[in-house]
Amino acid sequence: MDNEFDILLRLTSDLTSPPERSRALNDFAQTLGWHPTDRFETDDLGGVTTAHLLVEHGLEHTAVITFFRQHQRYVDLSMSEKHRLLSISYNNLVDWHIQVQFDEILFVFNRSDPPKIVQTSKLSRHDSEHLRSEAFEQVSGQRPNPNVPALDDALIRTISFWKRNLAAELNNLPTNEELSSLFNTIMFIRAAEDNAVRMHRRDRSEESATLYETCRINADRSHFTDCLSATLRRYIPGNLPTYVLDEARIAIFNKLQNSTCKALIGDFYQNKFAPYRYDFSLMSKHALSRIYEHYVSILRIEPTEQLSFLPSIAQEKSERAFGSVYTPQFIARFFARYLREQMPPSTFRKIRSLDPACGSGIFLRTLLELQCDPPSDLTTDVIKSCFQRVNGYDKDENACQASRLSLALLHLVLVDDLPVTLNIHSAQILDLIESNAGLLRDYDAIIANPPFVSTTYQDPGLRKQLSDYMEEYSIGRVDLYLAFLRIAIDALKPGGYGLFVLPHNFLLAKNASKMREYLRGACWIRCLVDLKDVIVFSDVGAYVVLMIFQKRAIAALQEPSATLVKCQDWVGKALQYVLEGQQVESNLFSVYDVDQSFFSDSEWHILPPVEAGIKKRFDKLPILRDYFEVREGFITGADDVFLIPRSRIPKADRKIYVPYLSDREMGVYYVPGKTARYLFYPFDGSRRLTEDEVKRDFPDTWEYLCSHRRILRQRSPVMKGQLEWWMPVRPRKPEHMMRPKLVTPHLVLVPRFAFDKEGSYAVSHSPFLFPIERTGDDSLLRVFLAVLNSTPCFWHISSHSHSYQRGYARLESATLSSTPVPDPTTIDPAILKHLLRLVDKRIASTDLEDNQTCERELDQIVAGLYCLSAKERLGIGMEL
């Protein structure tokens, strides 16, 4: 076989025939570690370049590689030629364009204006290492700051601008569906035009055939919809499906001024935010899925009482009640490629698939891209049958329109024809299940990013519907995604695969415990990827896992192992290792296999192997509840009324107020000397005061409460007759809360346990801890203050707690109570004495450097109490 340089010579030679060049491209990718996803040929630069290859390195690092003819060079191109060349990568939503010349390789970043050559490397027969995919990984780490928006952002800005301005020009009369239909039609026409050029059925010089010229020439003589229809029929003979052109739905836009129509259409040719012309045929092949992920949004007119001579401009707003969180492309590629790796190619092309919450169709489209790759190896009938086997449902008709168009454009690019029908339906999946329980069945694959709609955003009807459907499979209130998971399990055929994006709390939440039990009984878990520490959805605080499961097939079949992934960064590389079947341990991710018994626990904790070993040993230790009561702080139901500054407390009434310690005021190890606010606390010793006693003995406070009577009466427990109107909802008993204790904020990034030595403070919502047995000695509190603030203990607490926005862990009483701790009775007296001395020193110290030294020493002592080895200490992030 040729070496790398010989392959390069074949790819840059004028004498290489098309079949030989195709083989050389395959050899190039295989030899140098690239994963090719597409090839392109362009007549515009045919005298300069020979081929263009779209490649992946991992699932997140993509590039276009262009091969120049010998003696041709990138730097010799004019700026317009460079823009035409770089538009190939830009219109594929790829930021990097690698220019390969016979003696040199240039890594070009296309989102700089002018385009930036980030690195240049020489090539020779003896040095071709820079052609390898690993070299690109290093270069991509030098990514410049872009000053050109990505393709999807540029196109969405254009659409957003015109959605708002068309609505304004037409006095906000167009509906969401009408606006979506218009843009779908325009983008379809543009794709048909550019595809005709690429398929050599129209030359770019035939400008009179374009939609822009048709509108310009006929604007005064024809309706806008007639121009759209006439242009479409040049490319699509016969009847046009309504998902491509619904003339009745977009008739309202015939009222637009001619100048508006021309300006609107013109903005879908030249990108006004970047130096590259739009090429919708390239977008339609790969980038449109991601574009439509951003495109699907809901227009809302913000209500206002302000009068205006000009119409209001509509604003775009996502609907949280739909749970619409759209999927990054790398997840869709991972799911589709995982499926492909599980079966022969002929079987993979015949799978019957479903997305029950399809959104813009990114999962279905990505699956079809792989099923029909390479299209040159498949007949038209095979490709068409692949499209007929995909099925999608979504509650949002706008999303369905986008999904239909996305799939139709891919079909057009692949076979130069439109699908007769597409199985994309606007419907609430639960309604379909209720009306026809047997409708969804016998699927080979179900892929979904189901809506994450908590009970907070569910309307009463949906809440009742979910409760009825999930009665046997849930505890308490039901999150919507759990119903989608049950639907998938029931609808898969034996041996079929479910591939889901799920919220991280599915692994731990009590209300999901029955579904975890049902899932592990009906299916094998094949892969579980914990992305809790990775920002997957930048605009929402959703922490997710990727889960792949397989419906159990034959009872006697040996159970497959499950691949677990714990990822802090480099998600694409970790997922690539999963696809390759490799087990890897690094500082940024772990990929390893476990058997199915792993999922027999009531909660599923995904930990790297070292940490999993620590957890097994921790599980044999006593737990915090063996020594401490863990309670939740007070709840008033009206903090603005019951929490007041000290200066506003009536002097004669100070007896019924206690200092309030907010989460923000809690330190590490210590509590402050004073706090800003006080809590109304109607107790005399341990006895709760009566209404008459408060009226009689504390008249100023009673008058204050009466002044807020209306607010206090509106609290739910008061309206239900469960609480006197003047009382806090749950003030907590003094013998529990007003005593020496440990306190901690409710949400934490790092451990922040503090010692309220005098029992002076009341805390709200957050946990507080006190010893089960009362003694005159506070040694136990001081020992556990060190333990709870230690890295080993907090590692267990945070890995077993729910995650919230920006990586905060929410500390709940139940989680803390079950935390493994060293047995204090077994601590060597000398070590105990040293530990207590360090705790006292840390509480009293105000010097930052001394505090850090003290905490490091305490950390090592507690790690020793947990019997952690040096390797295990490093594994949980400790310093040695």
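Rules used throughout
- Residues numbered from 1 in each chain as written.
- Predicted model: local features only at pLDDT ≥ 70, side-chain atom pairs only at ≥ 80, totals over all residues.
- Heavy atoms only, no water.
- Buried < 20%, exposed > 50% of the residue type's maximum accessible area, 1.4 Å probe, protein only.
- Helix = DSSP H or I, 4+ residues; strand = E, 2+ residues; numbered from the N terminus.
- Pairing = 2+ DSSP bridges.
- Core = buried A, V, L, I, M, F, W, Y, C linked by side-chain atoms within 4.5 Å.
- Contact = heavy atoms within 4.5 Å.
- Axes fitted to C-alpha atoms, helices over the stretch in contact; angles between N-to-C directions.
- pLDDT = per-residue confidence, 0-100.
- Phe/Tyr/Trp six-rings, centres within 6.5 Å; stacked < 30°, edge-to-face > 60°.
- Lys NZ or Arg CZ within 6 Å of the ring centre and 35° of its normal.
- Salt bridge = Lys/Arg side-chain N within 4 Å of Asp/Glu carboxyl O.

A few points about the pairing of strand β28 (residues 767-771)
Taking burial as the measure, the five residues of β28 include five buried ones, the bulk of the element. What you see with β28 is no split at all: P767, L769 and P771 on one side and F768 and F770 on the other are buried throughout. Summarising the sheet, strand β19 (residues 628-632) and β28 pair through five bridges and their orientation is antiparallel. Bridge pairing links R631 to F768 in β28. Of the pairings in the sheet, the one linking strand β25 (residues 741-743) to β28 comprises two bridges and is antiparallel in character. Counterpart to L742 in the pairing with β28 is L769.

Considering the nonpolar core
In terms of nonpolar packing, the biggest core is built from 88 residues, with F188, F224 and F253 touching the most fellow members. Each residue touching F188, except ones within four places of it in the same chain, is listed here: L232, I236, V244, L405, A408, L409, L412 and L418. Core analysis: the next-biggest nonpolar cluster, separate from the first, contains 52 residues, L430, I487, A512 and I525 among them.

Quick word on the sheet that holds β25
In spatial order, the strands read β19-β28-β25-β27; together these four strands make up an open sheet with antiparallel pairing. Each edge of the open sheet is held by one strand with a lone partner, namely β19 and β27 (754-756). Averaged over all pairs of adjacent strands, the angle between their axes in this sheet comes to 30 degrees, without regard to strand direction. Bridging between β25 and β27 involves three bridges; their strand directions are antiparallel. Following the sheet pairing, K741 is matched in β27 by D756. Its contacts with the sheet put helix α28 (residues 779-788) on β19, β25, β27 and β28, and the angle it makes with β25 is roughly 20 degrees.

Some thoughts on the confidence of the model for the protein chain
Scored by pLDDT, the protein chain has a mean of 86; 90% of the residues are at 70 or more. Below pLDDT 50 for its whole length, residues 298-324 participates in 46 contacts with residues either more than four positions away or in separate chains.

Description of the packing of aromatic side chains
The final tally for this structure, using the stated rule, is 32 aromatic pairs. Here a set of aromatic residues connected by ring pairs shows up, and it is made of F642, Y657, F680, W702, W725 and W726. The ring of Y74 is capped by K82, whose NZ or CZ atom sits 5.0 Å from the centre of that ring. Between the NZ or CZ atom of R157 and the centre of the ring of F273, over which it lies, the distance is 5.3 Å.

Description of the pattern of salt bridges
In a structure, side chains of opposite charge can pair up when their charged atoms sit close to one another. The full count for this structure, using the stated rule, is 38 salt bridges. The salt bridge involving R486 is made with D490; its shortest N-O contact spans 3.2 Å. Here D490 and R486 lie together in helix α18 (residues 480-491), a separation of four residues that amounts to about one turn. On the basis of relative accessible area, D490 is assigned to the partly exposed category, the value being 35%. Sharing partners across several salt bridges, the network here consists of R73, D103, E104 and K122.

Comments concerning the pairing of strand β12 (residues 443-448)
Counting buried positions over the six residues of β12 gives five, a clear majority of the element. Where strand β9 (residues 353-355) meets β12, two bridges bridge the pair, whose relative direction is parallel. Note on β12: the bridge partner recorded for L354 is I446. The pairing of β12 with strand β13 (residues 492-503) spans five bridges and is classified as parallel. Of the residues in β13, the one forming a bridge with Y443 is L492.

Details of unusual backbone geometry
At the junction of D113 and P114, the peptide bond is cis and its omega measures out at 5 degrees in the coordinates. Summarising the element assignment, P114 is placed in the loop between β5 (104-109) and β6 (116-122). Positive phi values are uncommon outside glycine, yet C867 reaches one of about 60 degrees. Its place among the elements puts C867 in the loop between α32 (848-865) and α33 (870-875).

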